[in-house]
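The residues making up each chain are set out below.
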Amino acid sequence: GAGVSQTPSNKVTEKGKYVELRCDPISGHTALYWYRQSLGQGPEFLIYFQGTGAADDSGLPNDRFFAVRPEGSVSTLKIQRTERGDSAVYLCASSPAGGDTGELFFGEGSRLTVL
Amino acid sequence: AQSVAQPEDQVNVAEGNPLTVKCTYSVSGNPYLFWYVQYPNRGLQFLLKYITGDNLVKGSYGFEAEFNKSQTSFHLKKPSALVSDSALYFCAVRDVWTGYSTLTFGKGTMLLVSP
């Protein structure tokens, strides 16, 4: 597609459940980022992929969060044993390369609600 | 570490008047600076960036921003506001020298333009 696509757009789950969020970046973009945006806050960095590898995962809050990008395009963010505090909008962004001068292209986000 | 401060939660301006949305940053080295806009239920959209060169940069929708190194600021401006400019605005920074390749965002400023 023309832009970054994220699915699902909305996900409601119960505390303790497992959740997967998918990101399909712009074709040809090698860099992919996951951010989390809580209500009233700016996007908070989670993880950055350059190709298939995670170049920087320093933003993942704990070991319940994991992300993969096995073929260097689509990425999945996985959250185990969800907690109410995980409720947020999860944003995915891509860019042509990991270069510092390029802007990021964001998807519309996946809104996660943990009951 | 890199950080961004947006001191105003909300800015109110009448249509046709000039607007300013404030941003200050902190980095170890030289900054790359960005402004993004977020409309309701939409992804973040790139507005403009400062990489190097002229301190006044122009971007989409008539917006511009001025980089001031001595004040570590990158305020967003527009000479004449439109009601359609009402949205949430985020300032973001990358630190060039440390090689930190991810963007750090401020918490956002809501711009409300009244008719």
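The notes below deal with the structure included here. As the structure is a prediction and not an experimental result, all values here were calculated from the model.

**Focus on the interface of chain B and chain A**
Link 1 in the chain: Of the residues lining the interface, 21 residues belong to chain B; the matching set on chain A comes to 22 residues.
Link 2 in the chain: Between the two partners, chain B and chain A, sit two salt bridges.
Link 3 in the chain: Here A:E108 ties to B:R42 by a salt bridge, and the two come within 3.6 Å at their closest N and O atoms.
Link 4 in the chain: Put simply, chain B and chain A have five residue pairs in polar contact (both at pLDDT 80 or more) between them.
Link 5 in the chain: Of all the secondary structure elements, the ones that give two or more residues to the side of chain B that touches chain A are strand 5 (31-38), strand 6 (44-50) and strand 10 (87-95) of chain B.
Link 6 in the chain: Looking at the side of chain B that touches chain A residue by residue, the classes come out as eleven nonpolar, six polar and four charged.

**Topic: the environment of A:Q80**
Residue and element names in this part refer to chain A.
Link 1 in the chain: For Q80, the position within the fold is in the loop between strand 8 (75-79) and strand 9 (88-95).
Link 2 in the chain: On the accessibility criterion, Q80 (36% relative accessible area) is partly exposed.
Link 3 in the chain: Along the primary structure Q80 and Q37 are separated by 43 residues, whereas in three dimensions their C-alpha atoms are 19 Å apart.
Link 4 in the chain: Leave out the neighbours within four places in its chain, and Q80 touches K17, Y18, D63 and R64.

**Describing the side chain of A:T82**
Link 1 in the chain: Looking at the secondary structure, you find A:T82 in the loop between strand 8 and strand 9.
Link 2 in the chain: Apart from residues lying up to four places away in sequence, A:T82 is in contact with A:T13, A:E14, A:K15, A:G16, A:K17, A:V19, A:R64 and A:V114.

**Points about the side chain of A:D86**
Residue and element names in this part refer to chain A.
Link 1 in the chain: Turning to its location among the elements, D86 is positioned in the loop between strand 8 and strand 9.
Link 2 in the chain: Of the polar contacts made by the side chain of D86, one reaches the side chain of R64; its length is 2.8 Å.
Link 3 in the chain: Among all residues touching D86, those that are not within four sequence positions of it are R36, R64, F65, I79, L112 and V114.

**Notes on the state of the cysteines**
Link 1 in the chain: Using the criterion set out here, one finds two disulfides over all chains in the structure.
Link 2 in the chain: There is a disulfide in this structure between A:C23 and A:C92, and the S-S distance comes to 1.9 Å. Note on the A:C23 and A:C92 pair: the S-S dihedral is about -70 degrees, so by sign convention the disulfide is left-handed. With A:C23 in strand 3 (residues 19-24) and A:C92 in strand 9, this residue pair connects regions lying 69 residues apart in the sequence.
Link 3 in the chain: Between the sulfur atoms of B:C23 and its disulfide mate B:C91 the distance is 2.0 Å.

**Regarding the packing of aromatic side chains**
Describing an aromatic ring pair means giving the distance of the ring centres and the angle of the ring planes.
Link 1 in the chain: Inspection of every chain in the model, using the stated rule, returns 13 aromatic pairs over all chains.
Link 2 in the chain: Between A:F106 and B:F105 the ring centres are 6.0 Å apart and the planes differ by 75 degrees, which places this aromatic pair in the edge-to-face class. Pair noted here: A:F106 is in strand 10 (residues 105-106) and B:F105 is in strand 11 (residues 104-105), and the two residues belong to different chains.
Link 3 in the chain: Joined through ring pairs, the aromatic side chains of A:Y35, A:F45, A:F106, B:F34, B:Y36, B:F46, B:F90 and B:F105 make up one cluster.

**Section: the sheet that holds strand 7 (residues 65-68) of chain A**
Residues and elements named next belong to chain A.
Link 1 in the chain: The strand order across the open sheet formed by four strands is 1-3-8-7, and the pairing between neighbours is antiparallel. Edge positions in the sheet fall to strand 1 (5-7) and strand 7, since each has one partner strand and no second. Here the average twist between neighbouring strands, direction ignored, is 15 degrees.
Link 2 in the chain: With five bridges joining them, strand 3 and strand 8 adopt antiparallel strand pairing.

Rules used throughout
- Residues numbered from 1 in each chain as written.
- Chains lettered and ligands numbered in written order.
- Predicted model: local features only at pLDDT ≥ 70, side-chain atom pairs only at ≥ 80, totals over all residues.
- Heavy atoms only, no water.
- Contact = heavy atoms within 4.5 Å.
- Salt bridge = Lys/Arg side-chain N within 4 Å of Asp/Glu carboxyl O.
- Polar contact = N/O pair within 3.5 Å; in protein donor to acceptor, adjacent residues only side chain to side chain.
- Helix = DSSP H or I, 4+ residues; strand = E, 2+ residues; numbered from the N terminus.
- Nonpolar A, V, L, I, M, F, W, Y, C, P; charged D, E, K, R; others polar.
- Buried < 20%, exposed > 50% of the residue type's maximum accessible area, 1.4 Å probe, protein only.
- Disulfide = S-S within 2.5 Å.
- Phe/Tyr/Trp six-rings, centres within 6.5 Å; stacked < 30°, edge-to-face > 60°.
- Pairing = 2+ DSSP bridges.
- Axes fitted to C-alpha atoms, helices over the stretch in contact; angles between N-to-C directions.

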